[in-house]
Amino acid sequence: MLPVKAPRDPAPSRLKYRLERLWLRPAIRNSVRIGLPVAVLAWCVAAAATDPGVRQAVAERTQAARDAIAAHPALRVERLELNPVSEELTEALGPVLDIAFPLSSMDLDLSELHDRVVALEAVESASVRIESGGTLKITVAERTPQILWRRADGALDLLDKGGFRVGAAEGREAWPELPLIAGEGANDAAAEALSLLKLATPLETRMRGLVRIGARRWNLELANGITVMLPAVEAEAALARALALDDAEDIFGRDLSHVDMRDGRRPILRLRPQAHETMQALRHPEGERDA
């Protein structure tokens, strides 16, 4: 007679019951189904990335793919187009635009090229772009010299209307049409100087230039030695009053050394030493002084 097996207990064991309860939790299921494969994949990628042979192969394939794209005819740049500029600026742009054509647009850093162009003193702004047909087009807005600034060391600089340096001037005779300013901080107040010089146009043939005093105000120097002292504020109004006084009394044709317009209530006229002595002699003749 065969032995009879005891019936199997259908109830799960304690361990199996706890594992099944854990599996019902979403965090556990996601960790096993998603987290574990991701971790294994990350480990494989990290292991491959640290392998010099794999890294070299990836780099070579990446470079080959880039070169294949760069060689496409649609990305080919064959010529440079620059708007007309002065001879001096063309010479300064030479080293900046020394580009070997043809080349791929992927080998051109337009932002870096733009920064190099606008870094030139004579360039106010620039536009750098690649146009259809393989043309690198550069449009430059050039600073125009508006005024000459004599620095403390005697050198002359060309300034634009905003006081930005355009370049060096070899001498005053090379730019006779430009007005002259001098003094510390004169370049920072170039816009104000141009306004004063425009107002003083009637004195153009008798004017030497403007001198910045204490980096805060202007003196207008005339060719006959007269200095018109202007205030730090409302300088244009003071100069207009001086011009009106000259129209009425011809003060700039007299034997004066200074016309002080800093007092808004009244101008102060200062005679030259010789003229002052002559005036004293007229007021006090020799005979009267002896008496």
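These remarks concern the structure in this document. (Residues numbered from 1 in each chain as written. Predicted model: local features only at pLDDT ≥ 70, side-chain atom pairs only at ≥ 80, totals over all residues. Heavy atoms only, no water.)

### Let's talk about the overall build of the protein chain
A tally of helices and strands in the protein chain yields nine helices and 14 strands. A buried classification covers 27% of the 291 residues belonging to the protein chain. Taking the intrachain contacts of the protein chain between residues at least 6 apart in sequence as the baseline, contacts between residues at least 24 apart amount to 44%. (Helix = DSSP H or I, 4+ residues; strand = E, 2+ residues; numbered from the N terminus. Buried < 20%, exposed > 50% of the residue type's maximum accessible area, 1.4 Å probe, protein only. Contact = heavy atoms within 4.5 Å.)

### Looking at the packing of helix H4 (residues 87–96) against helix H5 (residues 110–118)
Their axes nearest at 10 Å, the elements H4 and H5 cross at an angle of 145°. At the point where H4 passes H5, the crossing takes the right-handed sense. Where H4 approaches H5, its residues Leu 93, Pro 95 and Val 96 are matched on the opposing element by Leu 113, Arg 116 and Val 117. Partitioning the contact of H4 with H5 into residue classes produces five nonpolar, no polar and one charged. (Axes fitted to C-alpha atoms, helices over the stretch in contact; angles between N-to-C directions. Left-handed = near helix turned anticlockwise from the far one by under 90°. Nonpolar A, V, L, I, M, F, W, Y, C, P; charged D, E, K, R; others polar.)

### Quick look at the sheet that holds strand E5 (residues 135–142)
Overall, mixed pairing links the three strands, which are arranged E2-E5-E4 in an open sheet. The open sheet is flanked by strand E2 (79–82) and strand E4 (123–131), the only strands paired with a single partner. Going from strand to strand, the sheet's axes swing by 20° on average, the running direction of each strand aside. Summarising the sheet, E4 and E5 pair through eight bridges and their orientation is antiparallel. Across the sheet, Arg 129 pairs through a bridge with Lys 137, a residue of E5. With respect to the sheet, H5 is in contact with E4 and E5, its orientation differing from that of E4 by roughly 155°. (Pairing = 2+ DSSP bridges.)

### As for helix H6 (residues 190–199)
Because an α-helix completes one turn every 3.6 residues, residues spaced three or four positions apart along the sequence face the same direction. Taken together, the buried positions of H6 are occupied by Ala 190, Ala 193, Leu 196 and Leu 197. The buried residues of H6 occupy an angular sector of 120° when projected down its axis, which confines them to one face. Against the buried residues of H6 lie strand E6 (147–150), strand E9 (180–182), strand E10 (207–213), strand E11 (217–222) and helix H7 (235–249). (Arc of directions from axis to C-beta.)

### Here's the deal with the sheet that holds E10
Taken in spatial order, the nine strands make up an open sheet running E8-E7-E6-E9-E10-E11-E12-E13-E14, and their pairing is mixed. With one partner strand each, in any of the chains shown, strand E8 (165–169) and strand E14 (268–271) form the two edges of the open sheet. Neighbour-to-neighbour, the strand axes of the sheet open up by a mean angle of 25°, direction not taken into account. Two strands pair when backbone bridges link them, and E9 and E10 are joined in this way by two bridges, in the parallel orientation. Looking at the pairing, Ile 181 lines up with Leu 210 of E10.

### Examining the nonpolar core
With 29 residues, the main nonpolar core has Ile 181, Leu 210, Trp 218, Leu 220, Val 228, Leu 230 and Phe 252 as its most contacted residues. Those elements that provide at least two residues to this core are E6, H6, E10, E11, H7 and strand E13 (256–260). Not counting chain neighbours up to four residues away, the residues in contact with Ile 181 comprise Ile 147, Leu 148, Trp 149, Arg 150, Leu 159, Ala 186, Asn 187, Ala 193, Leu 210 and Trp 218. In this structure, Val 123, Val 128, Leu 136 and Val 140 belong to the second largest nonpolar core, which totals 25 residues. (Core = buried A, V, L, I, M, F, W, Y, C linked by side-chain atoms within 4.5 Å.)

### A word on the packing of aromatic side chains
Applying the stated rule across the entire model yields zero aromatic pairs. Stacked on the ring of Phe 164, the Lys or Arg Arg 143 has its end atom at 4.4 Å from the ring centre. (Phe/Tyr/Trp six-rings, centres within 6.5 Å; stacked < 30°, edge-to-face > 60°. Lys NZ or Arg CZ within 6 Å of the ring centre and 35° of its normal.)

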